[in-house]
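Letter by letter, the chains look like this.
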Amino acid sequence: MNPALTLATAARVLRQVRTDRRTIALIVVVPCVLIGLLAWMFSGTPVFDRTGAAILGIFPMTVLFVVTSVATLRERQSGTLERLLTTPLGKGDFMLGYAVAFAVLGTLQALVATAFAVWVCGLDVAGPLWLLVVVAVVDALLGSALGLLASAFARTEFQAVQFMPAFIFPQFLLCGLFIARDQMPDVLHWVSNVLPLSYAVDAMKTITTETDPYGTVGADLAVVGGFIVLALALASLTLSRRSR
Amino acid sequence: MMNNAEGSAVVIAGLRVLRGRHLVLPDLSLHLPAGQVVGLLGPSGSGKTTLMRAIVGVQVIEGGTVTVLGHPAGSASLRREVGYVTQSPSVYGDLSVRDNIRYFGRVVGLTGAALTEAVDRTLVEVDLTRHADQLVQDLSGGQESRVSLAAALVGRPTLLVLDEPTVGLDPVLRRDLWALFRRLADAGHSLIVSSHVMDEASRCDRLVLLREGVVLADLTPDELLARTHTTDPDAAFLALVDAAQRSQEAAS
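Residues numbered from 1 in each chain as written. Chains lettered and ligands numbered in written order. Predicted model: local features only at pLDDT ≥ 70, side-chain atom pairs only at ≥ 80, totals over all residues. Heavy atoms only, no water.

We now examine the overall build of chain B. Looking only at helices and strands, chain B has seven helices and ten strands in total. The C-alpha radius of gyration computed for chain B amounts to 18 Å, which stays within 12% of the reference 18 Å derived for 252 residues, consistent with globular compactness. Going through the 252 residues of chain B one by one, you find that 54% of them count as buried. Considering only contacts in chain B between residues 6 or more positions apart, those separated by 24 or more positions represent 67%. (Helix = DSSP H or I, 4+ residues; strand = E, 2+ residues; numbered from the N terminus. Rg over C-alpha atoms; globule rule 2.2 N^0.38 Å. Buried < 20%, exposed > 50% of the residue type's maximum accessible area, 1.4 Å probe, protein only. Contact = heavy atoms within 4.5 Å.)

Have a look at this one:
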């Protein structure tokens, strides 16, 4: 592991993304459109105030999951990954380089989406706004880490995209967005307890309802952080310097 | 640069490689000299790429040993010393030529002015200075493979392993690249260059002819012509293949 090489890799990934302006526009604009739609749909009801923040936590994870898994799959298929693994670049440098680059993208997305939800759509937030952005960035990292892991199991880009419903939708359904987690059947409640998105959404909900959410949110973020480290560690096991 | 004093860049003993269920290299032993351009020749499917992958250390092997610059192939200490260029270009299409070369220079440890200098020098060597700021995906196939070559040249590795680096290039560029390979060898670098174009054989210091995973011959270009009583490498290769087949039939 070498921090200079990690940063060089992150810079390279960001430079690649920069040549794809449409992807950047989609990453920033689509969440705003959907948040706007949600606010409009439920205008005059308290639903948006309950679900808006959860949505802010779900977007970064979903979008960065897809972006990262396709990007790393391309890296495996083009032979650049194999080439990099013949150089002094460590597996950890590769993984963290991607994570850092996509955390930057996630921050950009979180800033724009949060600003739009609060100031344009009038989302009521009792706690500090900056904490919403922090949780969103951690969610982006979670999506990237899961995407890096999932890409190891995909042979084609079609498969990589299909992993989104497979990895993300169950978490989306069980995260407490549709029904509070403690009102689910016991088995589903237990399952939701071991899915990282549940903790991210809990953190977002706490920030909207409590003026002093630091303790609860900190604990939730620690759990999500644990999942990120686990996913990155498993993903780096799938990078092998030798192949058949 | 690592010391090449022992005289061998690569020593292979009893190398055995399976790919899928196919035995690509049954039992291969070979010494490749340091400071020379070694041509690895043979028809497609003869095991050239597999042998190169074993030398670089990215190939899982069933048995035998591969020693590169005094270390087991694929050792961490070799990662700065061995440059590998795969047959299909492995560079980033959505980065400019310069950014590609810079990144691969960066990962082998170049920084600052040394990096900029190495990138500019490499751009000249592969004749892409005019295209330096174009995205690789907008280049022709031949230009793209030169970017891939540049990505290995930028770090000036002691041993360069090049899998068919001149395929699809025009004669002028091929001549220039072979002149560059010659200069690198004269400066003490070791090169292993595969090709199935036999007329490139005469530009090598030493030739290894491979067929169905077996070394048919390991000699200099002059020795090849003398042994087969031919005047061009194509005919020489055919003569060797025929001789090998006859002795195989005689044995069975």
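Residues Ile35 of chain A together with Leu191 and Leu209 of chain B are the most contacted members of the largest nonpolar core, which totals 125 residues. A per-element tally of this core places helix α6 (residues 129-151) of chain A first, with 14 residues. The two domains that each donate at least three residues to this core are domain 1 (1-81 + 168-251) and domain 2 (90-156) of chain B. Among all residues touching Ile35 of chain A, those that are not within four sequence positions of it are Phe48, Ile55, Leu56, Phe59, Ala113, Phe116, Ala117 and Cys121 of chain A. One finds Val10, Val58, Ala73 and Tyr84 of chain B within the second-largest nonpolar core, a separate group that totals 31 residues. (Core = buried A, V, L, I, M, F, W, Y, C linked by side-chain atoms within 4.5 Å. Domains from an automatic or database assignment.)

All names here are of chain A. Within this structure's numbering, the places UniProt gives as "transmembrane region" (unreviewed entry) are residues 24-42, 54-73, 94-117, 129-153, 160-180 and 221-239. End C-alpha atoms of residues 24-42 are separated by 28 Å, and the span's content is 95% helix alongside 0% strand. The annotated region residues 160-180 carries 71% helix and 0% strand content, and the separation between its end C-alpha atoms amounts to 30 Å. (UniProt positions renumbered as here; feature names shortened; annotations may be inferred.)

This paragraph deals with the interface of chain B and chain A. Residue-level contacts link 31 residues of chain B with 25 residues of chain A. Considering only the surface of chain B that becomes buried against chain A, Arg79, Tyr92 and Tyr103 of chain B emerge as the three largest contributors, covering 24% of it. Glu82 of chain A serves as the salt-bridge partner of Arg53 of chain B, at 2.9 Å between the closest nitrogen and oxygen. Secondary-structure elements contributing two or more residues to the side of chain B that touches chain A are α1 (48-56), β6 (82-85), α2 (97-107) and α4 (141-153) of chain B. Tallied by class, the residues present in the side of chain B that touches chain A amount to 17 nonpolar, six polar and eight charged. (Buried area = accessible area lost by both parts, 1.4 Å probe. Salt bridge = Lys/Arg side-chain N within 4 Å of Asp/Glu carboxyl O. Nonpolar A, V, L, I, M, F, W, Y, C, P; charged D, E, K, R; others polar.)

Bringing the pairing of β6 of chain B into the picture now. Residues and elements named next belong to chain B. Neither face of β6 is left uncovered, since the one carrying Val82 and Tyr84 and the one carrying Gly83 and Val85 both have all their residues buried. Where β6 lies against strand β7 (residues 159-163), four bridges are found, and the strand directions are parallel. Pairing of Val85 across the sheet is with Leu162, part of β7. (Pairing = 2+ DSSP bridges.)

Residue and element names in this part refer to chain B. Along its sequence, chain B is organised into domain 1 (1-81 + 168-251) and domain 2 (90-156). Facing the nine residues of domain 1 at the interface are ten residues of domain 2. Both faces combined, the contact of domain 1 with domain 2 buries some 800 Å², and carbon together with sulfur accounts for 72% of it. Counting the contacts that link domain 1 with domain 2 gives zero salt bridges. Scanning the region where domain 1 abuts domain 2 turns up one residue pair in polar contact (both at pLDDT 80 or more). Taken together, the residues of the side of domain 1 that touches domain 2 break down into five nonpolar, two polar and two charged. (Polar contact = N/O pair within 3.5 Å; in protein donor to acceptor, adjacent residues only side chain to side chain.)

We now examine the side chain of Arg181 of chain A. Residue and element names in this part refer to chain A. Note that Arg181 resides in the loop between α7 (157-174) and α8 (186-193). On the basis of relative accessibility, which here comes to 12%, the residue Arg181 falls in the buried class. At 2.9 Å, the side chain of Arg181 and the side chain of Asn193 are in polar contact. The contacts of Arg181, once residues within four sequence positions are left out, are Leu174, Cys175, Gly176, His189, Ser192, Asn193, Ser198 and Asp202.

Another aspect to go through is the packing of helix α2 (residues 21-41) of chain A against helix α3 (residues 47-77) of chain A. A pair of packed helices can be characterised by two numbers: the angle between their axes and the separation between those axes. All names here are of chain A. The interhelical angle for the contact between α2 and α3, taken along N-to-C directions, is 155 degrees, at an axis separation of 10 Å. Here α3 runs roughly antiparallel to α2, going by the angle between their axes. As for how α2 packs across α3, the hand of that crossing is right-handed. Together, Ile27, Pro31, Leu34, Ile35, Leu38 and Ala39 of α2 and Phe48, Thr51, Ile55, Leu56, Phe59, Val63 and Val67 of α3 make up the contact between the two elements. (Axes fitted to C-alpha atoms, helices over the stretch in contact; angles between N-to-C directions. Parallel < 35°, antiparallel > 145°, perpendicular 65-115°, else oblique. Left-handed = near helix turned anticlockwise from the far one by under 90°.)

A few words on a nonpolar patch on the surface. Residue and element names in this part refer to chain A. Taken together, the side chains of Leu26, Val29, Val30, Val33, Leu34, Leu37, Trp40 and Met41 define a hydrophobic patch exposed on the protein surface, amounting to about 810 Å² of accessible area. Structurally, the position occupied by Leu34 is in helix α2. Assessed through its relative accessible area of 38%, Leu34 is described here as partly exposed. (Patch = residues over 30% accessible without salt bridge, like charges linked within 9 Å, V, L, I, M, F, W, Y side chains within 5 Å. Areas by Shrake-Rupley, 256 points an atom, 1.4 Å probe, with all protein chains shown as cover.)

Residues and elements named next belong to chain B. As enumerated under the stated definition, the model contains 15 salt bridges over all chains in all. A salt bridge links Asp120 to Arg98; the shortest N-O distance between them is 3.2 Å. Of this pair, Asp120 sits in helix α3 (residues 112-125) while Arg98 sits in helix α2, placing them 22 residues apart in sequence. Arg156 is paired through a salt bridge with Glu125; the nearest N and O atoms lie 2.3 Å apart. With Arg156 in the loop between α4 and β7 and Glu125 in helix α3, this residue pair connects regions lying 31 residues apart in the sequence. With a relative accessible area of 25%, Arg156 lands in the partly exposed category. One network of salt bridges, in which partners are shared, links Arg98, Asp120 and Asp133.

Residue and element names in this part refer to chain B. Here we have six strands laid out as an open sheet, ordered β6-β7-β8-β3-β9-β10, and mixed in their pairing. Looking along the sheet, the strands with just one partner apiece sit at the ends: β6 and β10 (214-219). Across the sheet, the mean angle separating the axes of adjacent strands is 15 degrees when strand polarity is ignored. Across the sheet, α4 lies against β6 and β7, angled at about 175 degrees from β6, the strand it touches most.

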